[in-house]
Amino acid sequence: MVTRVCGHLRHTLLAVGVLAFTGMAVSVSAQEVENIERIVTTGSRIVSDNQNAAYPITSISQQQIEQLSPQHIQQALNYVAGAGVQRGNGQEYLPALRSPVLTGAGACGGILAAEDGIPLRAAGFCNINELFEAHSEMAQRIDVVKGPSSLLYGSNAIHGVINVVTPDTTQGGGWLGADYGSYGYARIKVRNGKDFGDSGIGVNASITDDSGYRNGEGVKQEKVNVRYRTALEKGTLTSGLTYTHLDQDTAGYITGFESYEDPLLIKTNPNPEAFRKAQSFRGWVKLDVQVNQQLALSITPYVRHQDMDFRMHFLPGTPLEENDQKGAGLLSQLRYQLTPNLYLNSGVDTEYTRGGLVQSQDTQTEGSDFLVETVPVGKHYDYDVTAFMLAPFAALEWQTAKWNVSLGGRYERLAYDYTNNMIDGRTRDDGTECGFGGCRYSRPESGENNFTEFSPKFTLSYSPQDNLQWYLDVAKGYRAPQATELYRLQRDQEVADLDSVSAVSAQVGLRTGFNNGSLDIAVYRLRKENVIYRDSDFFNVNNGKTLHKGVEVTLSYQLLPQWAIDVAGTYARHTYEHSQQVGEVDIQGNDMDTAPELQFNARTHYQINPDTALQLEWQHVGRYFTDPENAHSYEGHDLLHVRGEHQLNNGVTLAVTINNILDTAYAERADYTTFTGDRYFPGRPRHYMVSANYTF
């Protein structure tokens, strides 16, 4: 039955996509009050009453987050069409947004991750798992901007932005929550604040303990946000901080074709030595001033500190990586009304960061004579990088009751000063040579690299009537090479001569609301050039080209007074456009690996009575290739989850969630390498969670 229903929905989504591509009018919703908030924190930094801005932003609301009580941010991002995030072990994940699942040293630079509009990591220092440093479990909402967003966010926002917006606890009120589930999962959540009128203070905190279902895995995590607000004569001064701490024992891939179907094997952990320990701190002060009727100003200075140690269980010799970064920056925006319908938005962003990385190995590599000899004991890398970023931007915006047109651009300069703290080249750390032509890891000599980019952006929106909007967005995005791509080389490569990855994107969409719901359609095409990848000689090069195109559908509909549905789905193709020989195959024209064509999330809600509700969720991930040659694949999966919620009269809400109710054997992530063959992160069998929330 599930397969039959799955087929019907696939055909429905494909039909909607065809309609959109042929120009037939289907449209999308926007709740006007929330639209203003989205513009403030994600599409702009200044409060605006403009309802027509063409910001293709999807939000996961606080109510949805509290109902879901996500153990992992991937569960919440399933609600977003075009987001195909794959959950790893513990709090790890691999990101995808209008893209295949991104992997590799600098792949995290394809999607910018932020909290309260401030990037979690400095440009050039991203981490593929960085969203676990945002307090998504206790967010006011999670905003997802799709497509290049470089005007405000600069480097790394090629495929979009995921912005976790923390709640304004300074307005008072309190909330307490507790979750308890299978495999030793438990989480305590508390939110409380006090409003003093012209000022306020509040805290937002959570503690998680998850012993996991696989041998030797587990997560202990703590997160806290503190916020203070005070009123000024012409504005508001708000300050905040976020601290996170993660102590994780990690379970690695299991290997063997469809090994995720073996109920005994999925509990095993081939890498019991693997772990991840990380902590992060961010502090910021935001000044919002309405100088006069024509001029508004926002200035946000911030500081950031992060350090992480983790065992690289996926590499020969399982080396230890220790990385850290600390720095400070400034975000700003000025909005000036030139005429009754014309505005100038401008600002300057700047950031200074000092980061360091050490990779070392304390035991002899296991495997072939070649691996043992070329991956030696001792230090592989030890370097520091100082980075400075400066980025002015400006845009002219013309708006009327029905039209909004914006044209602008951002100029960004990012400079690296790299210091190698070891011997240059591909020797052991004591200077002796490895056999078989040299050691695997190569260290370039100290030096400097500079990158400058200009990214234009044009948006046009038209609202012929209330609750109906057409929009067009054309933009160029970019990302500078990450420090790891420039300075963490292999084999004979002594210098990585890399340019910035660039992308040109066009998207059209409609938003509309109607009596019983809302509908959102977006069609996009994005072409990337100078894509960085590791070639057959293990050199970091960037002559790659990829093409990404698709259609996204988001629907909310009240079928009957007690029944409602929500659907978020995408049909997309992601292909290699450059000629590259992988083995005996030229991959030009092939589908990119880990890029399912069809993905969707569908939820049915049944309101039994005013206090009791049920929800059935269906998650579909289509088949995808696991290698660039398109020789190996994963068949995809369908999962069903059910939730029940009951509200008591004293502010208490009780909920029960059963995930994977059919106990489907599936893989959270499927991959293929020539060294291991098929490998998987197995999905969890059927499991439950009981939640209790108290609002006061």
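Our structure's up above, just so we're on the same page.
(A) The arrangement of the sheet that holds strand β13 (residues 254-255) in detail. The strand order across the open sheet built from three strands is β13-β37-β36, with neighbouring strands paired in antiparallel fashion. Strand pairing shows two members of the sheet lacking a second neighbour, β13 and β36 (667-673), which therefore form its edges. Where β13 and strand β37 (residues 677-682) come together, two bridges link them in antiparallel fashion. Paired with I254 across the strands is Y680, a residue of β37.

(B) How the structure looks around the side chain of S691. Mapped onto the elements of the fold, S691 is located in strand β38 (residues 687-695). Classification of S691 as buried rests on a relative accessible area of 6%. Here D179 takes part through its side chain, which lies 2.7 Å from a polar atom of the side chain of S691. Ignoring anything within four residues of it in the chain, the contact list for S691 reads S69, A178, D179, T653, L654 and A655.

(C) Molecular detail of the state of the cysteines. Inspection of every chain in the model, using the stated rule, returns two disulfides. One disulfide bridge connects C108 with C126, the sulfur atoms lying 2.0 Å from each other. When the S-S torsion is 65°, as for the bridge of C108 with C126, the disulfide is right-handed. Here the residue C108 occupies a position in the loop between β3 (93-94) and β4 (112-115), and C126 occupies one in the loop between β5 (118-119) and β6 (141-146), the gap between them amounting to 18 residues. Of the two residues examined, C108 and C126, each falls in the buried class. Across a sulfur-sulfur distance of 1.9 Å, C434 and C439 are joined as a disulfide pair. For the disulfide bridge between C434 and C439, the dihedral angle about the S-S bond is near 75°, and by the sign convention the bridge is right-handed. Given a relative accessible area of 1%, C439 falls into the buried group.

(D) Representation of the sheet that holds strand β1 (residues 57-61) within the structure. Strand order in the open sheet formed by five strands is β1-β6-β7-β4-β5, and the pairing between neighbours is mixed. In the strand order of this sheet, the two ends are held by β1 and β5, each with one partner. Relative to β6, β1 runs antiparallel, the two sharing five bridges. Along β6, the bridge assignment pairs T58 with V144.

(E) Local environment of the pairing of strand β12 (residues 235-249). Here 14 bridges tie strand β11 (residues 218-231) to β12, and the two strands are oriented antiparallel to one another. From the neighbouring strand, K223 faces β12, where its bridge partner is T244. Taken together, β11 and the strand that follows it, β12, pair antiparallel across an intervening segment of three residues.

(F) Representation of unusual backbone geometry within the structure. At N156, a position not held by glycine, the phi torsion is positive, near 95°. Assignment of secondary structure puts N156 in the loop between α5 (150-153) and β7 (160-165). For N156, a relative accessible area of 5% corresponds to the buried category. Backbone geometry places E258, a non-glycine residue, at a positive phi of 55°. In this fold, E258 is placed in the loop between β13 and β14 (275-290). Looking at E258, the relative accessible area reads 27%, which means it is partly exposed.

Reading the values: rules and limits
- Residues numbered from 1 in each chain as written.
- Predicted model: local features only at pLDDT ≥ 70, side-chain atom pairs only at ≥ 80, totals over all residues.
- Heavy atoms only, no water.
- Pairing = 2+ DSSP bridges.
- Helix = DSSP H or I, 4+ residues; strand = E, 2+ residues; numbered from the N terminus.
- Buried < 20%, exposed > 50% of the residue type's maximum accessible area, 1.4 Å probe, protein only.
- Polar contact = N/O pair within 3.5 Å; in protein donor to acceptor, adjacent residues only side chain to side chain.
- Contact = heavy atoms within 4.5 Å.
- Disulfide = S-S within 2.5 Å.

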